[in-house]
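Chain by chain, the residues run as shown.
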Amino acid sequence: MKKIYMDYAATTPTHPEVIDAMKPYFSDKFGNPSSIHSFGREAKKAIDEARDNIAGFIGARSDEIIFTSGGTEADNFALEGIAYANEKKGNHIVSTPIEHHAVTNCLGFLKRRGFDITYVPVDGTGSVDPEDIRKAITDKTILVSVMHANNEIGTIEPIAEVGKICREKGVYFHTDAVQTFGHMPIDVRKLNIDLLSASAHKLYGPKGVGMIYIRKGIKIVPYLHGGEQEAGKRASTENVPGIVGFAKAVEIAKGEMGQLDAKLSGLRDKLMKGILSRIEDSRLNGHPTKRLSNNVNVSISYIEGESMLLRLDMEGIAGSTGSACSSGSLEPSHVLLAIGLGHEMAHSSLRLTLGGWTTEEEVDQVLEVLPKVVNKLREMSPLKR
Ligand code: PLP
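Quick caveat: nothing in here was measured; it's all calculated off a predicted structure. (Residues numbered from 1 in each chain as written. Predicted model: local features only at pLDDT ≥ 70, side-chain atom pairs only at ≥ 80, totals over all residues. Heavy atoms only, no water.)

## Overview of the site of the ligand
Then, number 1: Taken together, 13 residues lie near the ligand, and G71, T72, D176, S199 and K202 sit nearest.
Then, number 2: Measuring from an oxygen atom of the ligand, one finds a side-chain N or O atom of S199 at 2.6 Å.
Then, number 3: Here H201 contributes a side-chain N or O atom positioned 3.0 Å from an oxygen atom of the ligand.
Then, number 4: Here the ligand has 400 Å² of accessible area as a free molecule, and 85% of this is covered by the chains.
Then, number 5: Top element by residues in the shell around the ligand is helix α3 (residues 71–85). It accounts for 3 residues.
Then, number 6: Within the shell around the ligand, the residues separate by chemical class into 2 nonpolar, 8 polar and 3 charged. (Near = heavy atom within 4 Å. Polar contact = N/O pair within 3.5 Å; in protein donor to acceptor, adjacent residues only side chain to side chain. Areas by Shrake-Rupley, 256 points an atom, 1.4 Å probe, with all protein chains shown as cover. Helix = DSSP H or I, 4+ residues; strand = E, 2+ residues; numbered from the N terminus. Nonpolar A, V, L, I, M, F, W, Y, C, P; charged D, E, K, R; others polar.)

## A short note on the nonpolar core
Then, number 1: Core analysis: the biggest nonpolar cluster contains 59 residues, and I58, V144, F181, L196, M211 and F246 have the highest contact counts within it.
Then, number 2: With 9 residues, the top contributor of residues to this core is helix α7 (residues 240–278). (Core = buried A, V, L, I, M, F, W, Y, C linked by side-chain atoms within 4.5 Å. Buried < 20%, exposed > 50% of the residue type's maximum accessible area, 1.4 Å probe, protein only.)

## Description of the layout of surface pockets
It is the rolling of a water-molecule-sized probe over the atoms that shows where space remains empty.
Then, number 1: Quantified by volume, the second largest pocket comes out at close to 330 Å³.
Then, number 2: For the second largest pocket, the lining is made up of 21 residues, of which R51, I66, Q229, E230 and A231 are closest to its centre.
Then, number 3: Mapped by element, the contributors of at least two residues to the lining of the second largest pocket are α2 (38–57) and β2 (65–68).
Then, number 4: Along the lines of polarity and charge, the residues of the lining of the second largest pocket split into 7 nonpolar, 3 polar and 11 charged. (1 Å grid on protein atoms, 1.4 Å probe; cavity = no way out; pocket = protein on both sides within 12 Å on 5 of 7 lines; lining within 4 Å. Points joined across faces, edges and corners; volume = space filled by probe spheres on them.)

## Brief notes about α2
Along an α-helix, a turn takes 3.6 residues, which lines up residues three or four apart on a common side.
Then, number 1: Taking 1.5 Å of rise per residue, the 20 residues of α2 would be expected to cover 28 Å, and the 29 Å separating its terminal C-alpha atoms lies within 8% of that figure.
Then, number 2: Buried within α2 are the following residues: G40, A43, A46, I47, A50, R51, I54, A55 and F57. For α2, the arc enclosing every buried residue in end-on projection is 160°, short of the 170-degree limit, so these residues lie on one face. In α2, those exposed residues whose orientation departs by more than 90 degrees from the buried face are R41, K45 and G56.
Then, number 3: Contacts made by the buried residues of α2 are with β2, β8 (210–214) and α7. (Expected span 1.5 Å × (residues − 1). Arc of directions from axis to C-beta. Contact = heavy atoms within 4.5 Å.)

## With respect to the packing of α2 against α7
Then, number 1: Look at α2 against α7: their axes get within 9 Å of each other, and the N-to-C directions meet at 35°. Of the two elements, α2 crosses α7, and the hand of that crossing is left-handed. Within the contact between the two elements, α2 uses A43, A46, I47, A50, N53, I54 and F57 and α7 uses V240, I243, V244, F246, A247, V250, K254 and M257.
Then, number 2: Among the residues forming the contact of α2 with α7, the class breakdown is 13 nonpolar, 1 polar and 1 charged. (Axes fitted to C-alpha atoms, helices over the stretch in contact; angles between N-to-C directions. Left-handed = near helix turned anticlockwise from the far one by under 90°.)

## Examining the domain arrangement of the protein chain
Then, number 1: Assigned domains within the protein chain: domain 1 (4–11 + 257–377) and domain 2 (16–252).
Then, number 2: Placing the centre of domain 1 and that of domain 2 at their C-alpha centroids yields a distance of 28 Å.
Then, number 3: Taken together, the contact between domain 1 and domain 2 spans 28 residues of the former and 31 residues of the latter.
Then, number 4: When domain 1 packs against domain 2, the two sides together hide about 2200 Å² of surface, and 58% of this comes from carbon and sulfur.
Then, number 5: Three residues, M257, L292 and H334, lead the burial of domain 1 against domain 2; their summed loss comes to 30% of the area buried on that side.
Then, number 6: Listing elements by their share of the side of domain 1 that touches domain 2, those giving two or more residues are α7, β10 (295–300) and α9 (334–338). (Domains from an automatic or database assignment. Buried area = accessible area lost by both parts, 1.4 Å probe.)

## With respect to the sheet that holds β10
Then, number 1: Reading across the sheet, the 3 strands line up as β9-β10-β12 and stay open at both edges, with antiparallel pairing between neighbours. Strands with a single pairing partner mark the edges of an open sheet, and in this sheet they are β9 (282–284) and β12 (349–353). Pairwise comparison of adjacent strand axes, ignoring direction, gives a mean angle of 25° for this sheet.
Then, number 2: Packing against the sheet, helix α8 (residues 305–314) makes contact with β10 and β12, and its axis sits at approximately 45° to β12. (Pairing = 2+ DSSP bridges.)

The following block contains the structure:
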């Protein structure tokens, strides 16, 4: 059976050209970038070039890019680093209830340490109103953190407006761009972004490497303490192959982004409309148009997301759900609850995310298999009368 991967929001396969670009940095070019001999200089040159390319991609300066171990570290660094550097100015942070756990759990940690957090609600499509962000800002606010696009429901947030408000109010603006970096154009200057998080494995790069953009002049408390790597902001020997792979993934994205976006939004719409028209009592989660070009998220009444995933997996189809039963928790996705879904509909969600290797045949195959899976599960469901 040919497997169908529709979980690109969880991670993407590493592009073969990315693997080729990384390989020499595991073998001949293995030097430590901090060493002054030729091996070290070769590695240092590679990360400098990677930094230049990634900075150019978002309209930033090279010295504004700090490499990290991924999106989670970038988010934690942004929030804790700004919070601790500005605690004398204020202790208030504004965010939304639909951020990734890399943000919400870090904000929970800061709350336990005395910071005051306001979560500005989102509407039924998962969109935040920038005016509500403005109203939430007080003279104690030091930071606003609003994600660029949501990883579960795909809704794209109005970050240009939020950035403008934050700049006017003199408050730092962080955006988690893990789901959009390499998929949509981003210009940190035009969008008034002060801090941005990205992760390589969401754009056909390797896992375990990411970056944070920190606008020049912003004071931030380092997250890791140790050597002087990354201009003293992030200690630890750099992941040279990972950074080289990340830059290669960005170079590929630069060339293919527009074309891929057009292809994926066509496939996404076909999948979305196909599911909603073929399956009774199903609903779309997230914004109908302002959404990631690869994201389909639906709730299908009377059945559990997890059972759907297991059945689909038996048919060779890999997706994801907002139901967290598998992790031992009965709590459904905080994102689906925040957009107003009841527990039952939140537990019956299915996320299918497409990517570079998705074909129309695969979409057709899912549209054929999914309604059958749903019918079988509904026949057994105690929820369906
Ligand atoms: N933020 C968002 C929106 C994400 O989707 C993810 C990963 O799923 C992360 C942060 C965490 O990134 P990483 O896996 O690189 O730590």
